[in-house]
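# Fold and contact review
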Amino acid sequence: MIIKHLTLQNYRRFRNLELEFPENLIGIIGSNGIGKTTIVEAIGWVLYGNRIKRTDKQDIRSQFSTNSDPCRVEMIFTIGGHEYRIMRLLKGKSALVEAAIYREGNPEPEAVQERGVNEFIEKLLNLDYRSFFVSVFARQKELAALSYLQPEERRKSIARLINIDAIERARKQIRADKNTKEAEVRGMRTNIKDEDELKTKKRTIKEQISAKQEVEKEHQKQVKISQEKLTQDKENLDALSKVRDHYLHLKSQLEKWEQRQSDYGKRKQGYLDQIANITKAKVELEKLNKQLENYDSVQQQKEQLDQNKAAAAELKGKLSEQNKVKQLLARQTEQLQSDSQVIQRLAPSKNQVEVIEKELAQHENDLEKLRKELTSFQANKQKTSDLGKEVKQRQERVDKLGKESPCPVCTRPLKEHYNTVLNHFDEELQKLRVEWKTNDANEKECNQKVQQLNSTIQTLKKSRDEHIRKQEQFNEKENAIKKIESDIKEWQLQLESLHAEIEAIGEVEYDEQKHAQLIQEYKKLSQLRDQALQYAERVNRLPEVEKELQETEKMLGDLANDIKEQSQQLEQLNYDERKYKQARQEVDAAQEELDKSRKQADQIQREIIILQKDLENVEAELKKQKELLVAIEKLNQELHYLSALDQHLGIFRQDLAGRIRPIIAQRASELMNLTTSGRYSLLELDDDYNIFLYDHTDRFPLARFSGGEQDLANLCIRIAVSQVVAERAGGTQINFIVLDEIFGSQDEERKELIMNTLQHLSSQFRQIFVITHVEEIKDIMPVVVS
């Protein structure tokens with residue numbers, strides 16, 4: 001697998017970043033915390049998603065981006081002779097993940113969405129995310145762990161890298177499950193009760209139930225006797241209740257008739273009083289009719305004067321309104337003359353505005369062209385300046401390193417081509433200076449033209465705005481004149497209408513004093529007339545009152561007969577209230593006796609039910625004890641299996657570690673032989689992963705060698721671990737490796753030794769990424785990302 005291109009957008013501290021990676025030794029150099037490791041992390045994230053991250057996925061998005069800005073990583077890589085383009089991004093406030101992978105420019109993706117792309121990558125590389133990272137990513141602290149840690153800590157570190165510690169995690173889980181089940185068994189045993197004691201309790205409860213059932217039979221007999229007695233007493237009470245109900249009904253009916261007799265007596269007296277009042281009202285009515293003989297004449301005269309008064313008021317109002325309209329018409333006519341004089345002075349020319357607009361459009365078009373030219377000159381200046389700085393830096397680097405400087409093209413030492421390359425740099429710098437001066441002159445000339453054109457455009461805009469202002473004032477006055485002319489026509493029409501209405505009313509004669517006298521006279525007569533109408537109403541009701549009096553006298557006679565007959569029936573019934581109350585008390589006593597018997601029987605039944613429930617509980621407890629013993633037996637079997645599994649996993653881990661350790665030592669030996677040109681060709685690891693190195697045929701611990709040789713051995717072992725992890729995972733060959741801060745605080749000699757080692761490793765790894773904050777390393781790196 002070779003990485004060719006990487007693009008980051010709004011990913012952590014990078015807003016936009018594009019990198020091309022050749023097949024070479026590549027240095028990623030910068031200060032601590034500047035984002036070097038982020039680039040490698042982005043490679044893992046675009047391949048395996050959110051499983052490769054240091055923080056929550058919400059924190060992957062750059063802090064200077066908004067929720068609407070996408071967080072995106074895209075990478076192009078080759079594997080197995082095919083090129084792939086993979087893309088993964090976060091969208092929206094909830095950070096939804098989208099992903100897709102394409103093969104060799106095919107517009108149709110091989111897989112989409114997070115899960116589909118993850119599965120495709122694991123199948124393509126044949127590596128899960130953990131195996132991938134262990135295979136390609138080595139940190140300084142992992143190198144140091146191989147030689148500086150205690151044996152137990154070193155074993156754990158190697159086990160973690162090659163994933164053997166997964167077996168220990170499984171054993172730890174097995175022991176935890178075993179402890180849980182043992183505690184469960186202990187808890188169950190505390191709940192086991194004496195089975196013989198439960199059986200004895202069951203027999204005792206059955207005997208108590210049998211005794212209670214015999215007592216219940218006796219109480220049921222007593223309930224039956226009490227029920228028969230109550231039935232007889234109720235029959236006697238029912239017979240007396242019927243006689244009582246009939247007696248009460250007759251008595252109630254008699255009381256109602258007596259009340260009605262009293263009511264009709266009062267009604268008869270009322271009718272007699274009304275007839276006396278009607279006779280008096282008839283005399284008063286005759287007197288009032290004589291006083292009302294001239295009522296109609298007075299009413300007619302008053303109504304005529306009411307009409308004259310209304311006509312006089314209307315005429316006065318119309319004349320006042322006519323005067324107001326004439327005044328308004330005079331003011332509007334005067335305003336019309338004034339506005340007409342103003343509009344003659346403001347008469348604008350629309351053609352002038354159109355001419356200025358066309359001229360402005362032409363000048364703005366010319367200005368846009370000049371600005372594009374100016375931008376082009378500025379960009380060319382910046383490009384020329386950047387190229388000059390790059391050429392100058394390359395020249396200074398070659399000049400500083402001398403004839404041993406690597407060629408910028410083939411990376412081999414320059415030697416006899418050293419002066420030629422320096423002269424070539426001088427010629428290239430001279431050309432760039434001439435090009436920069438030409439673009440600078442063009443930029444100044446273009447700037448002057450832009451300023452002149454801007455001044456002309458501002459003058460035209462002021463002239464256009466002045467003409468537009470006059471046009472707006474003209475339009476306002478023109479609209480005002482139209483409104484005044486419309487108002488004048490409306491007032492003239494209103495004057496004509498008022499004149500016609502005044503002519504229609506004509507002259508009106510109205511005597512206000514006479515009108516007031518008639519109003520007073522009419523008011524007095526109206527009061528007398530209302531009184532006469534009341535008397536007339538009374539007199540007209542006389543036949544109706546006399547008829548109602550006759551009907552009332554007849555009803556009084558009928559009620560007297562009914563009351564006499566009802567009194568005789570009550571005497572014949574011969575009802576005795578004392579006998580009824582005695583029968584009621586006998587029924588209550590019988591009911592109380594029955595309730596007492598039933599209560600005693602119910603109490604016995606409840607006691608029997610409680611005992612039966614106790615019996616069911618004892619039987620359920622016996623059943624539960626049997627089930628508990630079966631469950632304990634099952635858990636004991638599971639504990640036996642867990643103990644055996646723990647033992648076998650321990651044996652398996654020991655065997656697996658014993659088989660992998662020689663493989664790591666063999667691969668590390670091959671790398672040592674390669675990087676030291678055969679000086680050291682054999683490296684061994686004992687059971688505690690202590691490192692031994694052979695010098696010719698003699699075996700020595702690693703501490704015997706120099707610090708640089710120790711670092712080299714640690715590096716080879718770490719790379720060997722990466723190879724073993726990839727092979728154990730069955731993965732495709734990974735042709736690149738990432739070494740993060742492997743220089744540490746090494747001196748210049750050791751740094752040079754490590755760099756020579758990396759140069760040798762390039763025959764095995766087509767891409768080697770070296771992440772470091774050591775700035776001077778970039779001078780000896782063939783490819784540098786700063």
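The structure presented is a predicted model; accordingly, all values stated were derived computationally and were not measured. Numbers given to residues run from 1 along each chain, matching the order in which its sequence is written. Owing to the predicted nature of the model, reporting of local features is limited to residues with pLDDT of at least 70; listing and counting of side-chain atom pairs is limited to 80 or more, with chain, interface and lining totals taken over all residues. With hydrogens and water excluded, all non-hydrogen atoms of the structure serve as input to the side-chain values.

Attention shifts here to the overall build of the protein. Note on conventions: DSSP H or I runs of at least 4 residues are helices, E runs of at least 2 residues are strands, and numbering of each starts at the N terminus. Looking only at helices and strands, the protein has 15 helices and 14 strands in total. Compactness check: the protein gives a C-alpha radius of gyration of 61 Å against a globular reference of 28 Å for 786 residues, more than 25% above the reference. Throughout, exposure labels follow a simple rule: accessible area from a 1.4 Å probe, protein chains only, divided by the maximum for the residue type, with under 20% read as buried, over 50% as exposed, and the rest as partly exposed. Taking all 786 residues of the protein together, the buried fraction comes to 35%. If you take every contact in the protein between residues at least 6 apart in sequence, the share linking residues at least 24 apart comes to 77%. Computed over 129 positive and 136 negative side-chain charges, the inter-centroid distance for the protein is 3 Å. The quantity called the radius of gyration is restricted to C-alpha atoms. Its globule counterpart is 2.2 Å times the number of residues to the power 0.38. Note on definitions: a residue-residue contact is assigned when non-hydrogen atoms from the two residues lie within 4.5 Å. In this charge count, Lys and Arg are treated as positive and Asp and Glu as negative; neither His nor the chain ends contribute. Where a charge lies is defined by one atom per residue type, namely NZ (Lys), CZ (Arg), CG (Asp) and CD (Glu).

Next up on the list: the sheet that holds strand β9 (residues 683-685). Strands are labelled as partners when DSSP assigns at least two bridges between them. With antiparallel pairing, the three strands of this open sheet are ordered in space as β9-β10-β11. Whereas interior strands pair on both sides, the edge strands pair on one side only; in this sheet they are β9 and β11 (698-701). Strand-to-strand, the axes of this sheet are offset by a mean angle of 30°, without reference to chain direction. As judged from the four bridges shared by strand β10 (residues 691-695) and β11, these two strands associate in the antiparallel manner. From the neighbouring strand, aspartate 695 faces β11, where its bridge partner is aspartate 698. To define axes, lines are fitted to C-alpha atoms, for helices over the stretch in contact only, and angles between the resulting N-to-C directions are given on a 0 to 180 degree scale.

Another aspect to go through is helix α11 (residues 512-540). The span you would expect from a helix comes to 1.5 Å times its residue count less one. Over its 29 residues, α11 runs 41 Å from end to end, which matches the ideal 42 Å to within 8%, given 1.5 Å per residue. Among all positions of α11, only His515, Leu518, Tyr522, Leu525, Ser526, Leu528, Ala532 and Tyr535 are buried.

Between its first and last C-alpha, helix α1 (residues 36-48) extends 19 Å over 13 residues, near the 18 Å set by a 1.5 Å rise per residue. Across the 13 residues of α1, 12 count as buried, placing the element largely inside the fold. Within α1, burial applies to Lys36, Thr38, Ile39, Val40, Glu41, Ala42, Ile43, Gly44, Trp45, Val46, Leu47 and Tyr48. Following α1 by one or two positions, glycine 49 has its phi on the positive side, about 80°.

Here, the term nonpolar core denotes a set of buried Ala, Val, Leu, Ile, Met, Phe, Trp, Tyr and Cys residues that are joined through side-chain atoms within 4.5 Å. Of all hydrophobic cores here, the largest spans 48 residues; its most connected members are Leu683, Leu758 and Ile768. Counting 47 residues, the second largest nonpolar core, distinct from the first, contains Ile39, Val136, Val783 and Val785.

Before going further, it helps to examine unusual backbone geometry. Although it is not a glycine, arginine 12 sits at a positive phi angle of roughly 50°. Along the chain, the position of arginine 12 falls in the loop between β1 (2-11) and β2 (14-20). The buried category is assigned to arginine 12, whose relative accessible area is 14%. We note that glutamine 113 has phi near 65°; this positive angle belongs to a residue other than glycine. Relative to the assigned elements, glutamine 113 resides in helix α2 (residues 113-125). Under the relative-accessibility criterion, glutamine 113 is labelled partly exposed at 47%.

Attention now goes to the pattern of salt bridges. For salt bridges, the criterion is a side-chain nitrogen of Lys or Arg within 4 Å of an Asp or Glu carboxyl oxygen. If you walk through the whole model with that rule in mind, you get 29 salt bridges. For the salt bridge of arginine 85 with glutamate 74, the shortest nitrogen-to-oxygen distance reads 3.3 Å. Of this pair, arginine 85 sits in strand β5 (residues 82-91) while glutamate 74 is found in strand β4 (residues 71-79), placing the two residues 11 residues apart along the sequence. A relative accessible area of 32% means that arginine 85 is categorised as partly exposed. Two residues, arginine 699 and glutamate 684, come together in a salt bridge whose shortest N-O distance is 2.9 Å. Of this pair, arginine 699 sits in strand β11 while glutamate 684 sits in strand β9, and the two are 15 residues apart along the sequence.

Residue position: glutamate 216 is located in helix α7 (residues 195-291). An unpaired buried charge is present at glutamate 216: no salt bridge exists, and lysine 217, the closest side chain of opposite charge, is 8.3 Å distant. Residue contacts for glutamate 216: discarding those within four places in its chain leaves Ile604, Gln605 and Ile608.

Okay, the packing of aromatic side chains next. The relation between two aromatic rings is expressed through the spacing of the ring centres and the mutual angle of the planes. Any Phe, Tyr or Trp ring, taking Trp's six-membered ring, that has another such ring centre within 6.5 Å forms a pair; planes under 30 degrees apart are called stacked, those over 60 apart edge-to-face, and the others tilted. Inspection of the entire model under this criterion finds seven aromatic pairs. Each ring, one from tyrosine 11 and one from tryptophan 45, has its centre 5.7 Å from the other, and the planes form 45°; the classification is tilted. Of this pair, tyrosine 11 sits in strand β1 while tryptophan 45 is found in helix α1, placing the two residues 34 residues apart along the sequence. Centroid distance phenylalanine 77 to tyrosine 84: 5.6 Å. Interplanar angle 20°. Geometry classified as stacked.

What follows deals with the sheet that holds β5. Sheet strands line up and pair through hydrogen bonds in the backbone, either parallel or antiparallel. Taken in spatial order, the six strands line up as β2-β1-β4-β5-β6-β7 in an open sheet, and their pairing is antiparallel. The sheet is open, and its two borders are formed by β2 and β7 (111-112), each paired with just one other strand. Judged from the two bridges that link them, strand β6 (residues 96-103) and β7 form a sheet pairing that is antiparallel. Across the sheet, isoleucine 101 pairs through a bridge with alanine 111, a residue of β7. Helix-sheet contacts for α2 involve β4, β5, β6 and β7, and the interaxial angle to β6 is about 40°.

For the rest of this paragraph, the subject is the confidence of the model for the protein. As a per-residue measure, pLDDT reflects the predictor's confidence and takes values from 0 up to 100. When pLDDT is averaged along the protein, the result is 81, and 91% of the positions lie at 70 or above. Looking across the protein, the model is least confident in helix α4 (residues 140-148), with a mean pLDDT of 60, and most confident in β7, with 94.

So, on to the packing of α7 against helix α12 (residues 542-573). The interhelical angle for the contact between α7 and α12, taken along N-to-C directions, is 160°, at an axis separation of 8 Å. Of the possible angle classes, the one that applies to α7 and α12 is roughly antiparallel. Considering how the two elements wind past one another, α7 and α12 form a crossing that is left-handed. Residue classes follow a fixed rule: Ala, Val, Leu, Ile, Met, Phe, Trp, Tyr, Cys and Pro count as nonpolar, while Asp, Glu, Lys and Arg count as charged, and any other residue, Gly among them, counts as polar. A class-by-class count of the residues in the contact of α7 with α12 yields 20 nonpolar, nine polar and nine charged. In what follows, roughly perpendicular refers to angles from 65 to 115 degrees, roughly parallel to angles under 35, roughly antiparallel to angles over 145, and oblique to any angle outside these ranges. For any pair of crossing helices, the crossing counts as left-handed if the nearer helix is rotated counterclockwise from the farther one by less than a right angle, and right-handed if it is rotated clockwise.

This brings us to the pairing of β6. Along any regular strand the residues' side chains alternate between the sheet's two faces. As paired elements, β5 and β6 share eight bridges and run antiparallel to each other. The residue bridging lysine 91 from the neighbouring strand is leucine 96, located in β6. Taking the residues that link successive antiparallel strands as the turn, the β5-β6 hairpin has four residues, and the phi of glycine 92 there is positive, at about 75°.

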